Structures are given as structure tokens and as C-alpha cells.
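Fold and geometry: a report
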Amino acid sequence: DKNLIRVAMLGDSITEGMHIPLGKTFSDKLDLLLNKKASDEGSIFKYEVMNFGVGGYNLAAEVETLKKREDMSMQFDEIERLKIKYGFNFLICIHDFFTPSFADNPNCNKYVELIIKHGFYYFRINEYYKKAVPSSESLVLIKGDSCHPNELGHAVIAEAMLTELREHGFIQ
């Protein structure tokens, strides 16, 4: 169907929606938001958000979903090659660990450097978390887990992705 736009979500247990009920993950919520927006605007387009998140994945495993590679820099080279070959567009969401002040994780800075070098669009979800809630504690799935968001966190991610998709011209 030429009016179907597919969005593939590659990621780890956060993308997978570990311990989040079906229909409540940010992929599910983004699918609903995109299709509601299209319907409200009378658009001919329909959206299908596909969740390829797998618990325990990292960038190497995520790229393996598209193509085998091992070196992080080479992984971004490979993503860029696939982008050109297949006409993919990429929006990368950087999910830093939860900290009381939503501080950026310096370990993610290498990713940011490579993302910028390759000209991919990206955003850090912490900026959206800061606007949504006063403390990261209200987003934590399980006390002591500094990584996995609860249903509220997934809703924030979905809204952030919709905003970023608009801002970067992926959707109207």
C-alpha cells in the first residue's frame, strides 16, 4: 500500500517495553498518535509502528537486525549505507539512565559524536522527561532500576517521538 508509512523501532529492553502491558509501550502509543493525527487531519496516510526491541540488545545487536558489524563506528557507517541504499530515515532516541536531576550520561556522548558525524537526527529523552515530571522517581518501572521507564515514561517517549518526527520533517 503506497499510503502506508512504516516506522521500525530498533532497540533494547526499553524499546521492547520490558514489564509494560501490550498496547502501553511507546511503540504502541506512537502508532496510535500517528494514526489519530492522520485521521484528524484527513490524511490519506496510515502508519504502522513495528517494535523490534529485544531485551539485552545494544547498538551492535540492533544494527545486526539490519546488518552484521562489530565496531561502533562501523555500525554507524553501516546504518548510513543502509539509509542510502534503501532510503531509510533514522531518528535516534538517546535514553540516558535515570538520575535525580535527569543528568545526561557522559557514556552516551560517543554515540552523540557518531550520530552527528553521520548526519542522523537524534534527541535525548531526558529533555522531555524533565518537562513532564519533577523527578525521575515517578518514571521508574521498578525501584532501583535506573534504566527502564514505566507506562508514564513510555507515554512521554511516544509524545517526544511524535514531536521529533514532526520537527525533523518525517511527518507533517
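The structure reproduced in this document is the subject of the present report. (Residues numbered from 1 in each chain as written. Predicted model: local features only at pLDDT ≥ 70, side-chain atom pairs only at ≥ 80, totals over all residues. Heavy atoms only, no water.)

Across its full length, the protein holds seven helices and four strands. Here the protein holds 172 residues, and 40% of them are scored as buried. For the protein, the exposed area adds up to about 9,700 Å²; of that, 54% sits on carbon and sulfur atoms. (Helix = DSSP H or I, 4+ residues; strand = E, 2+ residues; numbered from the N terminus. Buried < 20%, exposed > 50% of the residue type's maximum accessible area, 1.4 Å probe, protein only. Areas by Shrake-Rupley, 256 points an atom, 1.4 Å probe, with all protein chains shown as cover.)

This paragraph deals with the side chain of Asn150. Within the secondary structure, Asn150 sits in the loop between helix 6 (126-132) and helix 7 (151-167). One polar contact links the side chain of Asn150 to the main-chain amide nitrogen of Gly153, over a distance of 2.9 Å. When neighbours within four sequence positions are excluded, Asn150 is seen to be in contact with Ile20, Ser138, Leu139, Val140 and Leu141. (Polar contact = N/O pair within 3.5 Å; in protein donor to acceptor, adjacent residues only side chain to side chain. Contact = heavy atoms within 4.5 Å.)

Looking now at the pattern of salt bridges. Evaluation of the coordinates by the stated rule reveals five salt bridges. Where Glu78 meets Arg81, a salt bridge forms, and the shortest distance between an N and an O atom there is 2.6 Å. A residue pair is termed a helical-turn pair when its members lie 3 or 4 positions apart in one helix, as Glu78 and Arg81 do in helix 4 (residues 72-86) at three residues. Looking at Arg81, the relative accessible area reads 33%, which means it is partly exposed. Between Lys130 and Glu127 there is a salt bridge, and its shortest N-O distance comes to 3.2 Å. A residue pair is termed a helical-turn pair when its members lie 3 or 4 positions apart in one helix, as Lys130 and Glu127 do in helix 6 at three residues. (Salt bridge = Lys/Arg side-chain N within 4 Å of Asp/Glu carboxyl O.)

For helix 5 (residues 109-117), every residue scored as buried is listed here: Val112, Leu114 and Ile115. The buried residues of helix 5 occupy an angular sector of 165° when the element is viewed end-on, so they sit on one face. Set apart from the buried face of helix 5 by more than 90 degrees, the exposed residues are Glu113, Ile116 and Lys117. Once helix 5 ends, the next one or two residues include Gly119, with phi positive near 75°. (Arc of directions from axis to C-beta.)

Counting residues in each nonpolar core, the largest one holds 26 residues, and the members touching the most others are Leu30 and Leu34. Put simply, the parts of the chain that give this core at least two residues each are strand 1 (4-11), helix 2 (26-40), strand 2 (46-53), helix 6 and helix 7. Ranked by residues supplied to this core, first place goes to helix 7 with seven residues. Residues contacting Leu34, with those up to four places away along its chain left out, are Val7, Tyr47, Val49, Leu162, Leu165 and Ile171. (Core = buried A, V, L, I, M, F, W, Y, C linked by side-chain atoms within 4.5 Å.)

Attention now moves to the packing of aromatic side chains. Taken as a whole and judged by the stated rule, the model has three aromatic pairs. Between Tyr121 and Phe170 the ring centres are 5.6 Å apart and the planes differ by 75°, which places this aromatic pair in the edge-to-face class. Of the two residues, Tyr121 is situated in strand 4 (residues 121-124) and Phe170 in the segment after helix 7; the sequence distance between them amounts to 49 residues. With relative accessibility at 24%, the residue Phe170 sits in the partly exposed group. Here the basic side chain of Lys131 rests over the ring of Tyr128, its NZ or CZ set 5.1 Å away from the ring centre. (Phe/Tyr/Trp six-rings, centres within 6.5 Å; stacked < 30°, edge-to-face > 60°. Lys NZ or Arg CZ within 6 Å of the ring centre and 35° of its normal.)

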